[in-house]
Amino acid sequence: MRATGDFTRSFAVNGEPVSVAAAPEERLTTVLRDRLGLIGTKVGCDAGDCGACTVLLDGAQVCACLVPFAQVEGRTVTTVEGLARDGRLGRLQRSFHEHGAAQCGICTPGMLMAASTLLDREPMPSEEQVLDALGGVLCRCTGYRKIVQAVLAAAESRHRALEPSDCATYVGRRLDGVDGIGKVNGETRYGADTAPADALWLRVVRSPHAHACFVLGDLAPLHARYPGLRRVLTATDVPGVNGFGIYPTVKDQPVLAPGVARYRGEAVLALVGERETIEQITDDELPIEWELRPAVSDPASALAPNAPPINPDQTSNVLTRGCVRCGELPAGGDGLIEAHGEWTTTFIEHAYIEPEAGYARPIEGDRIEVVACTQTPYMDRDEVANVLGIAPERVRVRPSACGGGFGGKLDQSVQPLLALAAWVVGAPVRCVYRRVESMAATTKRHPAQMRARALAHRDGTLVGFEFDGDFDTGAYASWGPTVAGRVPVHCMGPYRVPNVRAEARAVFTHRAPAGAFRGFGVPQAAIAHESLVDELALRCGRDPLEFRLQNALRVGDRTATGQRLEASVGLSACLEALRPRWRTLRSEAERFNRSHEGRPIQRGVGIACMWYGCGNTSMSNPSSMRVTLTRDARVVFYNGAQDIGQGSSTILLQIMAQALGLSHEWIEMVVSDTDLTEDAGKSSASRQTFVSGRATQLAGEDLRAQILKLANVGEGASLEIASHRLTVIDGAMRHPIALDQLPVIEGEDVVLVGRGQFDPPSTPLDENGQGIPYATYGFAAQIASVAVDVELGTVKVDRIVAAHDVGAAVNPTLVEGQIEGGIAQGIGFAMMEEFIPGRTENLHDYLIPTIGDVPEIECLLIEDPEPLGPYGAKGIGEPALIPTAPAILNAVYHATGVRLRRLPILPHRVREAIEAQRGDG
Ligand code: FES
């Protein structure tokens, strides 16, 4: 519809002439997406910081969000939709797809457009030119390396070698992502990309204060001024429980704050109405009276005597504690070598490129449907039902594609607000968070204050470890209990340590809730244990890698929780795989430093290890999978595991193909629809490959066994589907299965159903933290090579070598992608990322690694099979990130002799530490 002030512009889009009427200041992104339906152009920040909306304007890359409509007259615009010709992918698109360069895919259109303009002007670019050309587009998933490879391969018209299509070997193949085409041609629908045409819009009004009471005045004048405002929702509109939270007994975060806001960014009101109207209303026009209250901004203040309670339902500002105690910690002395220290880390923002978005609508049967980006559709269903006061069966959640999560989309954001609005108004309602809103309001990585001490015999045997940590969990519980529980189990590192005292506390403050972020506190704890292990090694006169190898957990060892490790403990293999690189890189760095003594650039090489329990800590976390066979030989895999870009859809399809012994091309897949698929749990805790993978294998094997039984043949037979007929082939014998003679047992002509369920065995931890918290663990070691400018304090990471025990690499391309992406986030954690409420709430001030910050990465995949895992596999999502930051810190020590204790290691902090050590600071 043409609004007052609109004017018409004629230009060309993807070679076609168009005329559009819009306001002159309207962003080109809005014109492309909302008026021309070209949703391949994504919006990540509306500020020119992320580059997701990169398009070509007269052949040059621009951020479409910064181009006003008034400037497009007579010009040519090319979007990702213009890269394909006659429905066939362009060479860049194909190369991205083949190289696994699109994970969540939200940055992919922007990357493709930046790369296409490079190849237009430089057909055979160098790697440096690729880094230059793509430097304006941020990717939070991939670590950029596969993107660079894809661009270089496209330039050379190189295709990845095809692997033999042997259905017996689906596990271990570099299968292209099954959901990858839509990511490279722009057709994949994310949270902001789809909604009913008649949907109203919702805008959340948020607290500008860290702690304040408020009262709402008369809304009638506002409604009179703005007829397009349909409803102002407050806490009193919530028909069910005005609260959500991860733990069933802790629903402490309100959907809308009931008169008191406990952090800056908390949702206070929701405006529902016509889009133009709710965007027009400023917060100053709202009749809200604020009364400021003192805010507690750090755990030390929250734990001080007489500190005011932050959450009125809690008697203390300590949300929860976790502990592990075993043996008797030696006091020190007695010939023992000791190292100790204190470390500080900050809030880390997930910075997924897709802000939270989605829609909700009433559907038939007095039900509600929610379509939004999420990592946890089943929890969304239950939370929405609880908020609306209805049975979970009356809620359907159909997730959109998810443009990155990393733990940040495990908590509720738009889901309960949209459901509430659609329920109350009785109409579809949609919402897209603005970037600043997303960063201010949603969960973060817990800032940590950690103290630790480690002891070893002079021969290098670790004998004791002590850890004490406070983790700032913000205003609401979120995943605080998980962090407090997981950290003490992991805080001594993947080593045999007979005597341990470890405690972690999650502490409330008046800050943004800290929740899940790739590792649940383990990355913070790894900073401490890997620094101490490094120190002990050097004091024992041992090589840091050999010291770690001497103490590495092995099969048959007991962990500090008393768990005996029965299988798949690949840390020693990781360290041994790294040894040749370690020796070469260390000696190269030392040679460089000797020849550059007294000069500003010094080189260093560090190493760090990690372990990580796959799945929930000491809690049931089952997954259920189902596969059906119809009378016309359609195989349909109902897969409830939400793919957030990590590739679970592809991995699980490969596992299903392997279990059935049937080409993946014959398997249709229905992914994550709470009405159709079964509960596969959350996409978190590195559990989907391990837990849902095992459930998938069991479901596939169940269906295969039923088919083989019908043919009355043994396990070695193979299956074939042709012309809607299923045949079992047993040696020279062919057994057609008369599926149309079988009784239909489900809708859609289903005649056979295979089911699988897996809940990894664990036990609760007792009061000393003793028990079996996880069924299996991932192990890894990484080497970081850095160059430090000791005058400026700048650190450049030159190379990372990563060895990860993944049990079995179901799809090596996807595993490498997870490792490279995790390393990029580890670099950000170590070197640049620091979320400060009110100050770094955008992607301009909050820095994440760009393509130029991620060095060459070498991945060494170690496969020490896990007997419980699907074909030996276990998780990789979180392990990838954990060793990177401590390896960088140990490399900086190797270069400078300075142990850095506060993250991120910004140049001024590095410089101060060097000066302090020299005694001239
Ligand atoms: Fe780049 Fe997800 S693939 S942001």
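Details of the structure are given in the entry above.
Description of the structure in this document. The structure displayed is predicted, hence computed values, not measured ones.

Some details on the overall build of the protein
Inference 1: Summing up its helical and strand segments, the protein has 21 helices and 33 strands in all.
Inference 2: In terms of overall dimensions, the protein has C-alpha extents of about 80 × 80 × 60 Å along its principal axes.
Inference 3: In the protein, which comprises 921 residues, the proportion classed as buried is 63%.
Inference 4: Counted over contacts in the protein with a minimum sequence separation of 6, partners at least 24 positions apart contribute 77%.
Inference 5: Taken as a whole, the protein presents about 32,400 Å² of accessible surface, with 49% of it coming from carbon and sulfur.

Overview of the sheet that holds strand β25 (residues 635-639)
Inference 1: Strand order across the open sheet formed by four strands is β26-β25-β24-β30, with mixed pairing between neighbours. Single-partner strands in this sheet number two, and they are β26 (667-671) and β30 (750-758). Strand-to-strand, the axes of this sheet are offset by a mean angle of 20 degrees, without reference to chain direction.
Inference 2: Bridging between strand β24 (residues 623-630) and β25 involves four bridges; their strand directions are antiparallel. In the sheet register, V627 faces β25, and the bridge partner there is F637.
Inference 3: Those strands touched by helix α18 (residues 688-711) are β24, β25 and β30, and its axis lies near 145 degrees from that of β30.

Re the pairing of strand β2 (residues 16-22)
Inference 1: Alignment of strand β1 (residues 7-13) against β2, held across seven bridges, turns out to be antiparallel. Directly across from S10, in β2, lies its bridge partner S19.
Inference 2: Remark: two residues form the turn of the hairpin made by β1 and β2, two consecutive strands paired antiparallel; N14 in that turn has positive phi of roughly 50 degrees.

With respect to the packing of aromatic side chains
Inference 1: The tally for this structure, following the rule as stated, stands at eleven aromatic pairs.
Inference 2: Pairing F347 with F835 gives two aromatic rings, centres 6.1 Å apart and planes at 80 degrees, and the pair type is edge-to-face. Residue F347 is located in the loop between β13 (337-344) and β14 (348-349), and its partner F835 is located in the loop between α19 (812-831) and β33 (856-862); the two are separated by 488 residues in the primary sequence.
Inference 3: The exposure class assigned to F347 is buried, which follows from its relative accessible area of 1%.

Topic: the sheet that holds β33
Inference 1: Here four strands make up an open sheet; going across it, the order is β23-β31-β32-β33 and the pairing mixed. The outermost strands of the open sheet, each flanked by one partner alone, are β23 (601-613) and β33. Geometrically, the sheet is characterised by an average inter-axis angle of 15 degrees between neighbouring strands, direction not taken into account.
Inference 2: Sheet topology note: the β23/strand β31 (residues 777-789) ladder contains 13 bridges and is antiparallel. In the strand pairing of β31, I601 is matched with D789.

Digging into the side chain of S572
Inference 1: Relative to the elements of secondary structure, S572 occurs in helix α16 (residues 571-595).
Inference 2: In this view, S572 contacts L549, A552, L553 and R554; residues no more than four positions away in its chain are not counted.

A look at empty space enclosed by the protein
Inference 1: If you walk through the whole model with that rule in mind, you get eight cavities of 30 Å³ or more.
Inference 2: What the largest cavity holds in volume is close to 500 Å³.
Inference 3: Along the walls of the largest cavity sit 35 residues, with Q646, S686, Q818, G877 and E878 positioned nearest its centre.
Inference 4: Put simply, the parts of the chain that give the lining of the largest cavity at least two residues each are α17 (648-660), α18 and α19.
Inference 5: Take the lining of the largest cavity: its biggest share by element is three residues, from α19.
Inference 6: Considered class by class, the residues forming the lining of the largest cavity number 16 nonpolar, 15 polar and four charged.

Some words on the nonpolar core
Inference 1: Counting residues in hydrophobic clusters, the biggest one holds 163 residues, and the most contacted among them are F96, L134, F465, F467 and I888.
Inference 2: Broken down by element, this core gets its largest block of residues, nine residues, from helix α14 (residues 522-539).
Inference 3: Apart from residues lying up to four places away in sequence, F465 is in contact with L329, A452, R453, A454, C491, M492, V497, N499, V500, R501, H529 and L532.
Inference 4: In terms of nonpolar packing, the next biggest core, distinct from the first, is built from 44 residues, A633, I651, L708 and I721 among them.

Quick notes on the environment of V130
Inference 1: Residue placement: V130 occurs in helix α4 (residues 127-133).
Inference 2: Take V130: its relative accessible area is 0%, and that puts it in the buried class.
Inference 3: In sequence terms V130 and L119 are eleven residues apart; their C-alpha atoms lie 9.2 Å from each other.
Inference 4: Those residues in contact with V130 that lie beyond four places of it in its chain are L118, P125, V148, V151 and L152.

Observations regarding the pairing of strand β20 (residues 448-456)
Inference 1: Taking burial as the measure, the nine residues of β20 include seven buried ones, the bulk of the element.
Inference 2: The pairing of β13 with β20 spans eight bridges and is classified as antiparallel. Note on β20: the bridge partner recorded for E342 is R451.
Inference 3: Where β20 meets strand β21 (residues 462-474), nine bridges bridge the pair, whose relative direction is antiparallel. Along β21, the bridge assignment pairs A456 with L462.
Inference 4: In textbook terms, the turn of a hairpin is the stretch between consecutive antiparallel strands, and for β20 and β21 this stretch comprises five residues, one of which, G460, has a positive phi near 95 degrees.

Regarding the environment of E715
Inference 1: With respect to the helices and strands, the residue E715 is situated in the loop between α18 and β27 (718-722).
Inference 2: Along the sequence, E715 and R704 sit eleven residues apart, while their C-alpha atoms lie 8.9 Å from each other.
Inference 3: Contact partners of E715, with chain neighbours within four places excluded, come to R704 and L708.

Comments concerning the pattern of salt bridges
Inference 1: Taken as a whole, this structure holds 65 salt bridges when the rule is applied.
Inference 2: With a closest N to O distance of 3.0 Å, R755 and E678 form a salt bridge. Residue R755 is located in strand β30, and its partner E678 is located in the loop between β26 and α18; the two are separated by 77 residues in the primary sequence.
Inference 3: For R755, a relative accessible area of 45% puts it in the partly exposed group.
Inference 4: Beyond isolated ion pairs, a larger network of salt bridges with shared partners links R321, R451, D468, D470, E503 and R505.

Brief notes about the environment of L719
Inference 1: With respect to the helices and strands, the residue L719 is situated in strand β27.
Inference 2: The exposure class of L719 is buried, given its relative accessible area of 9%.
Inference 3: Ignoring any residue separated from it by four or fewer positions in sequence, one finds L719 in contact with L660, G661, L662, R704, I707, L708, L726, T727 and V728.

Considering the side chain of T509
Inference 1: With respect to the element layout, T509 can be found in the loop between β22 (499-508) and α14.
Inference 2: Residues in contact with T509, not counting those within four places in the same chain, are V296, S297, D298, P299, A302, I310, D472, G474 and A475.

Brief notes about the packing of α14 against helix α20 (residues 884-896)
Each packed pair of helices is defined by two parameters, the angle between the axes and the distance between the axes.
Inference 1: Running from N to C, α14 and α20 cross one another at 35 degrees; their axes reach a closest spacing of 9 Å. Pair α14 / α20 crosses with right-handed handedness. Note on element contacts: α20 touches α14 through A885, P886, L889, N890 and Y893, opposite A526, I527, E530, S531, D534 and L538.
Inference 2: Broken down by class, the residue content of the contact of α14 with α20 amounts to seven nonpolar, two polar and two charged.

Thresholds, definitions, all that
- Residues numbered from 1 in each chain as written.
- Predicted model: local features only at pLDDT ≥ 70, side-chain atom pairs only at ≥ 80, totals over all residues.
- Heavy atoms only, no water.
- Helix = DSSP H or I, 4+ residues; strand = E, 2+ residues; numbered from the N terminus.
- Buried < 20%, exposed > 50% of the residue type's maximum accessible area, 1.4 Å probe, protein only.
- Contact = heavy atoms within 4.5 Å.
- Areas by Shrake-Rupley, 256 points an atom, 1.4 Å probe, with all protein chains shown as cover.
- Pairing = 2+ DSSP bridges.
- Axes fitted to C-alpha atoms, helices over the stretch in contact; angles between N-to-C directions.
- Phe/Tyr/Trp six-rings, centres within 6.5 Å; stacked < 30°, edge-to-face > 60°.
- 1 Å grid on protein atoms, 1.4 Å probe; cavity = no way out; pocket = protein on both sides within 12 Å on 5 of 7 lines; lining within 4 Å.
- Points joined across faces, edges and corners; volume = space filled by probe spheres on them.
- Nonpolar A, V, L, I, M, F, W, Y, C, P; charged D, E, K, R; others polar.
- Core = buried A, V, L, I, M, F, W, Y, C linked by side-chain atoms within 4.5 Å.
- Salt bridge = Lys/Arg side-chain N within 4 Å of Asp/Glu carboxyl O.
- Left-handed = near helix turned anticlockwise from the far one by under 90°.

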